[in-house]
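Letter by letter, the chains look like this.
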Amino acid sequence: MPYLIEALLFLLPFAAYGLWRRANPSAEPSTILLVLAACGVVLMLGGAIWYGLSRSMDHSRDYVPVQLERSDIPPSEAQPRR
């Protein structure tokens, strides 16, 4: 069920655009709307790249997955390469 909701949320903007085009077949999106949409896409991609680079691990370290000890779950960690 959660996948169905996610798919519907993904398709909702496309459906809204399709309804708008059906209601106004001769109307075109304004230039300012296109510029704002392009700025939004650039900001989204820039934010995703920045977040990915800020959360990345050093190349000289190896990821060590979590080991279950007793009933505690310690956080995962990165150790220097051997």
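Values in this document were obtained by computation on a predicted structure and should not be read as measured data.

Visitor: What is the right way to read the overall build of the protein from this model?
Guide: Helix and strand counts for the protein stand at 2 helices and 2 strands. Scanning the protein from its N terminus toward the C terminus, one meets helices and strands in the order α-α-β-β. Summed over its atoms, the accessible surface of the protein is roughly 7900 Å², and 68% of this surface lies on carbon and sulfur atoms.

Visitor: Sorry if this is basic, but what is going on with the pattern of salt bridges here?
Guide: Working definition: two side chains of opposite charge can pair if their charged atoms are close together. Under the criterion given, the structure shown has 1 salt bridge. Note that Arg21 and Glu28 form a salt bridge whose closest N and O atoms lie 3.8 Å from each other. A relative accessible area of 58% places Glu28 in the exposed class.

Visitor: Please clarify how the confidence of the model for the protein should be interpreted in this entry.
Guide: In regions of low pLDDT, the predicted coordinates are not meant to be interpreted in detail. Averaged over all residues, the pLDDT of the protein equals 85, while 85% of them reach at least 70. Mean pLDDT across the elements of the protein ranges from a minimum in strand β2 (residues 77-80), with 67, to a maximum in helix α2 (residues 31-54), with 94.

Visitor: Whenever I open this one, a nonpolar patch on the surface confuses me. Can you help?
Guide: Together, Met1, Leu4, Ile5, Leu8, Leu9 and Leu12 give the surface a local cluster of nonpolar side chains, amounting to about 670 Å² of exposed area. Locating Leu4 in the fold gives a position in helix α1 (residues 2-23). Residue classification places Leu4 among the partly exposed positions, given a relative accessible area of 49%.

Visitor: Honestly, α1 in this entry has me stumped. Any pointers?
Guide: Along an α-helix, a turn takes 3.6 residues, which lines up residues three or four apart on a common side. Between its first and last C-alpha atoms α1 spans 31 Å; for 22 residues at 1.5 Å apiece the expected length is 32 Å, and the two agree. For α1, the buried fraction is low: 0 of the 22 residues fall into the buried class.

Conventions we followed
Residues numbered from 1 in each chain as written. Predicted model: local features only at pLDDT ≥ 70, side-chain atom pairs only at ≥ 80, totals over all residues. Heavy atoms only, no water. Helix = DSSP H or I, 4+ residues; strand = E, 2+ residues; numbered from the N terminus. Areas by Shrake-Rupley, 256 points an atom, 1.4 Å probe, with all protein chains shown as cover. Salt bridge = Lys/Arg side-chain N within 4 Å of Asp/Glu carboxyl O. Buried < 20%, exposed > 50% of the residue type's maximum accessible area, 1.4 Å probe, protein only. pLDDT = per-residue confidence, 0-100. Patch = residues over 30% accessible without salt bridge, like charges linked within 9 Å, V, L, I, M, F, W, Y side chains within 5 Å. Expected span 1.5 Å × (residues − 1).

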